[in-house]
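Here are the chains, one letter per residue:
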Amino acid sequence: MTTRKLAVVTSGLSTPSSTRMLADRLAEATREKLVATGTDVDVTTIEVRDLAHSITNNMLTGFADDALQGAIDAVTGADGLIAVSPVFKTSYAGLFKSFIDVIDNTALTDLPVVVGATGGTPRHSLALDFAMRPLFTYMHSVVVPTGVYAASDDWGAGAETVKALPERIDRAARELAALMEHSTRSENVVDPFALDENFDQLLGGFQGN
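All values derive from a computational prediction rather than experimental measurement. (Residues numbered from 1 in each chain as written. Predicted model: local features only at pLDDT ≥ 70, side-chain atom pairs only at ≥ 80, totals over all residues. Heavy atoms only, no water.)

A.B. asks: Is there a simple way to explain the pattern of salt bridges in this structure?
C.D. replies: If the charged atoms of two oppositely charged side chains come close together, the side chains can form a pair. Here the structure, examined in full by the defined rule, presents eleven salt bridges. For Arg-20, the salt bridge is made with Glu-47, and the minimal N-O distance between the two is 2.8 Å. You can see Arg-20 sitting in helix H1 (residues 18–36) and its partner Glu-47 sitting in strand E2 (residues 39–47), a full 27 residues away along the chain. The exposure class of Glu-47 is buried, given its relative accessible area of 14%. For Asp-170, the salt bridge identified is with Arg-174, shortest N-O distance 2.9 Å. Taken together, the residues Asp-170 and Arg-174, both in helix H7 (residues 164–181) and four residues apart, mark about one turn of the helix. Arg-174 gets classed as partly exposed once you look at its relative accessible area, which sits at 43%. What you see here is one network of salt bridges that share partners, running through Arg-20, Asp-24, Glu-47, Arg-49 and Asp-50. (Salt bridge = Lys/Arg side-chain N within 4 Å of Asp/Glu carboxyl O. Helix = DSSP H or I, 4+ residues; strand = E, 2+ residues; numbered from the N terminus. Buried < 20%, exposed > 50% of the residue type's maximum accessible area, 1.4 Å probe, protein only.)

Now the structure itself:
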């Protein structure tokens, strides 16, 4: 069975958080779509809150510790990305942006992405198209047409009856799964420390000189 790698980045600040809830629902829906086509899925979820100190240290020193580097590698080596942030003052969380800032500008090229956001009222949903989508477009990612915003009311009584949020999740997951199914990004990740020649060849070259 073919395996695809799915990275999930969630930047909720509380435990539990609606941001994590939305990210988990998107991930599960995407996994179900891929499994239905005979594709296995390796899901890695990254809680940006847990990396706050590492991100700050990276910005100050230019070096990522093991935890942060592992998160970066999971995102850059994925076949698909689900990125969900709470909305503060009409835009994504600063911590979320800080994590994206430590990723190389070209490392997300051609990466299929679903953007999601959570907030108190529906009027903050514009952050998807005016903040999150342009961010990943700048990174040369392929952002699927459907973004998913969840307001507080979407989690309350009657939300399942209306089915607006579940339908948006299903549509976004279907779009992401279709792109991930044909992705080869996780198979083409190059080790930046790998040598073009083995040590014997290199030593032989030096000895020949």
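A.B. asks: Got a minute to help me understand the packing of aromatic side chains in this structure?
C.D. replies: Note on aromatic pairs: each is described by the distance of the centres and the angle between the planes. Evaluation of the coordinates by the stated rule reveals two aromatic pairs. Between Tyr-92 and Phe-96, the aromatic rings sit 6.0 Å apart at their centres with planes inclined by 45 degrees, giving tilted as the arrangement. When its relative accessible area of 19% is taken as the criterion, Tyr-92 is described as buried. Between Phe-96 and Phe-136, the ring centres sit 6.3 Å apart and the planes meet at 65 degrees, which makes this aromatic pair edge-to-face. Here Phe-96 is found in helix H4 (residues 94–101), whereas its partner Phe-136 is found in helix H5 (residues 127–138), with 40 residues between them in sequence. (Phe/Tyr/Trp six-rings, centres within 6.5 Å; stacked < 30°, edge-to-face > 60°.)

A.B. asks: In this structure, what is going on with the nonpolar core? I would like to understand it.
C.D. replies: Looking at soluble globular proteins, one finds that nonpolar side chains tend to be buried together. Residues Val-75, Leu-81, Phe-96, Phe-99 and Phe-136 are the most contacted members of the largest nonpolar core, which totals 37 residues. Elements that contribute at least two residues to this core include exactly strand E1 (2–10), helix H3 (66–76), strand E3 (80–88), H4, strand E5 (112–119), H5 and strand E7 (148–151). Ranked by the residues each element gives to this core, the list is headed by H5, at six residues. Within the second largest apolar cluster, 22 residues are counted, among which are Leu-34, Val-144, Ile-169 and Ala-172. (Core = buried A, V, L, I, M, F, W, Y, C linked by side-chain atoms within 4.5 Å.)

A.B. asks: Help me out: how do you make sense of the pairing of E3 in this one?
C.D. replies: Walk down a regular strand and you will see the side chains alternate between the two sheet faces. Most of E3 is tucked away, with eight of its nine residues classed as buried. Alignment of E1 against E3, held across five bridges, turns out to be parallel. Paired with Thr-10 across the bridge in E3 is Val-84. Here E3 runs beside E5; their pairing, made up of six bridges, is parallel. When the bridges of E5 are listed, Leu-81 appears paired with Val-113. In terms of strand pairing, E3 meets strand E4 (residues 91–92) through two bridges, oriented antiparallel. Its bridge partner lying in E4, Phe-88 is registered against Ser-91. Where E3 folds back onto E4 in an antiparallel hairpin, the turn is made up of two residues, including Lys-89, whose phi is positive at roughly 55 degrees. (Pairing = 2+ DSSP bridges.)

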